[in-house]
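Coordinates in review
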Amino acid sequence: MIRFEQVMKQFPNGTFAVKSLDFEIKKGEFFVLIGPSGSGKTTTLKMINRLIELSKGWVRINGKKISDYDINELRWNIGYVLQQIALFPHMTIAENIAVVPELVNWDKEKIGARVEELLNMVGLDPKEYRNRRPSELSGGQQQRIGVIRALAADPEIILMDEPFSALDPFSREKLQDDMLEIQRKLKKTIVFVTHDMQEALKLGDRICLMKDGEIVQVGTPHEFLSNPVNDFVRDFVGSRKLSINLKEFIIPVPAEGGFLSGTKHISLSTPLDEVIEYLASFEQIFVEDNGKTIGMIRRQQALKILSQYVKERG
Ligand code: ADP
């Protein structure tokens, strides 16, 4: 449905944002682009609705080159959800949702019914919310409006650029659940950018991991967990699940070292969630790298770091 063929983007300052992308997103698929900051995810996303023009190659939607579509028609057929909540502050919620349906000349009744249907779909009572201004909604509610606004004119494709990353963990989880429910019902083709592996594994039918403007691996969440193609993928799936590195927990082994035997030894590449499980049964764990003990993790210390992390980042 969306095909990238040898797509390259070089910005005028010389930066190669993406080098040569070849992949296809299938109809009805929830496709997640993930990777470190600067890996080319947003550039890839924005090339689909021509917010960024390609330097080389082709992007085709349903077989037709995107450059052959009328640009307005192309954009109206592609919903777009941004990270920062971008509702029009002076307009009511209903008016915000109706922007694209108005542009494509739906009649008033059809628009009213659609607004009602969409608000119900995300659990906001139309009677209560239709006439409110965005400032009278919580951040999570506003972003929910951002999502249904993108769906309003029933586009085939939805592009989502880190749509939930500015939300608190509770709202983020709620919106992810909403998104799964919406996708189960509507079967849109969704391209979703995130840097959160947990989110990618939860939402994606397939995940595309990028690095330095290139694809490292494309596959289902199961394939990422069971068959990472290299250490970069393994690290991304493992430690990134909590986006916190095992090294942060390691402290030096005391010089006397009398208690080295009889306790758990793990390797430096052990995923953090496994480490946490071990810490449930062992007060301390020794960490080895290339057969050498490089330090230890103590339960108390690890808990302190984790609680600090949760406080700061949720
Ligand atoms: P990501 O979304 O993965 O963080 P981007 O697609 O935003 O990555 O950026 C990829 C690379 O292109 C980065 O090195 C970034 O600095 C560069 N880049 C993005 N937009 C521009 C621009 N308008 N001009 C020059 N360089 C850009």
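Heads up: the structure comes first, above all this text.
Now for a description of the structure that goes with this document. (Residues numbered from 1 in each chain as written. Predicted model: local features only at pLDDT ≥ 70, side-chain atom pairs only at ≥ 80, totals over all residues. Heavy atoms only, no water.)

**Remarks on the sheet that holds strand E5 (residues 64-65)**
Heads up, the condition is: Pairing between two strands is assigned when DSSP locates at least 2 bridges connecting them. Helix and strand assignments follow DSSP, with helices taken as H or I runs no shorter than four residues and strands as E runs no shorter than two, numbered in order from the N terminus. Contact definition: two residues touch when any of their heavy atoms are within 4.5 Å. The axes used here are C-alpha line fits, helices contributing only the stretch in contact, and every angle between their N-to-C directions lies in the interval 0 to 180 degrees.
Judged by pairing direction, the sheet is antiparallel, and its four strands sit side by side in the order E2-E1-E4-E5 without closing on themselves. The outermost strands of the open sheet, each flanked by one partner alone, are strand E2 (16-25) and E5. By the bridge criterion, five bridges tie strand E1 (residues 2-10) to strand E4 (residues 56-61) in an arrangement that is antiparallel. The partner of Glu5 across the bridge, within E4, is Trp58. Sitting on the sheet, helix H1 (residues 41-48) touches E1, E2 and E4, and the angle it makes with E1 is about 120 degrees.

**Notes on the site of the ligand**
Applied cut-off: It suffices for a single heavy atom of a residue to lie within 4 Å of a molecule or strand for the residue to be listed as near it. Pairing of N or O atoms within 3.5 Å defines a polar contact, subject to two protein rules: one partner must be a possible hydrogen donor and the other a possible acceptor, and residues neighboring in sequence count only if both atoms are side-chain atoms. Shrake-Rupley sampling with a 1.4 Å probe provides the accessible areas, and residues are treated as covered by the protein chains on show and by no other component. We call Asp, Glu, Lys and Arg charged. Ala, Val, Leu, Ile, Met, Phe, Trp, Tyr, Cys and Pro are nonpolar, and the rest, Gly among them, are polar.
The environment of the ligand is formed by Phe11, Asn13, Thr15, Ala17, Pro36, Ser37, Gly38, Ser39, Gly40, Lys41, Thr42 and Thr43. Separating an oxygen atom of the ligand from a backbone N or O atom of Gly38 is a distance of 2.7 Å. Between the ligand and Thr42, the relevant distance is 2.8 Å, taken from an oxygen atom to a side-chain nitrogen or oxygen of the residue. Expressed as a share of its isolated accessible area of 560 Å², the protein-covered part of the ligand is 62%. In terms of residue count, the dominant contributor to the shell around the ligand is H1 (three residues). Looking at the shell around the ligand residue by residue, the classes come out as three nonpolar, eight polar and one charged.

**Looking at the packing of aromatic side chains**
Our working definition: Stacked, tilted and edge-to-face are the three classes assigned to paired rings of Phe, Tyr and Trp, where Trp is represented by its six-membered ring and a pair needs centres within 6.5 Å; plane angles under 30 degrees give stacked, over 60 edge-to-face, the rest tilted. For every residue, the accessible area obtained with a 1.4 Å probe (protein chains only) is divided by the maximum for its type, and the residue is called buried under 20%, exposed over 50%, and partly exposed between those limits. Criterion for a charge above a ring: Lys NZ or Arg CZ within 6 Å of the ring centre, and within 35 degrees of the ring normal.
Scanning the entire structure with this criterion turns up five aromatic pairs. Where Phe23 meets Phe31, the ring centres are 5.5 Å apart and the plane angle is 0 degrees; that geometry is what we call stacked. Judged by relative accessible area, Phe23 falls into the buried class, the value being 8%. Ring centres of Phe30 and Phe192 lie 5.5 Å apart, and the angle between their planes is 45 degrees; on these two criteria the pair is classed as tilted. Placement of Phe30 in strand E3 (residues 30-34) and of Phe192 in strand E8 (residues 189-194) is noted, with a sequence separation of 162 residues between them. We note that Phe30, like Phe192, is buried. Taken together, the ring pairs in this structure connect Phe4, Phe23 and Phe31 into an aromatic cluster. Taking the ring centre of Tyr69 as reference, the NZ or CZ of Lys64 above it sits at 4.5 Å. When the ring centre of Trp106 is taken as reference, the NZ or CZ atom of Lys110 above it lies at 4.0 Å.

**A look at the side chain of Thr194**
As for its placement among the helices and strands, Thr194 is situated in strand E8. According to the relative accessible area criterion, Thr194 is buried, its value standing at 3%. Engagement of the side chain of Thr194 in a polar contact is seen with the backbone nitrogen of Asp196, the distance being 3.0 Å. Looking at Thr194, its side chain comes within polar contact range of the side chain of Glu199, at 2.8 Å. Ignoring anything within four residues of it in the chain, the contact list for Thr194 reads Val32, Leu33, Ile34, Gly35, Lys41, Glu162, Glu199 and Ala200.

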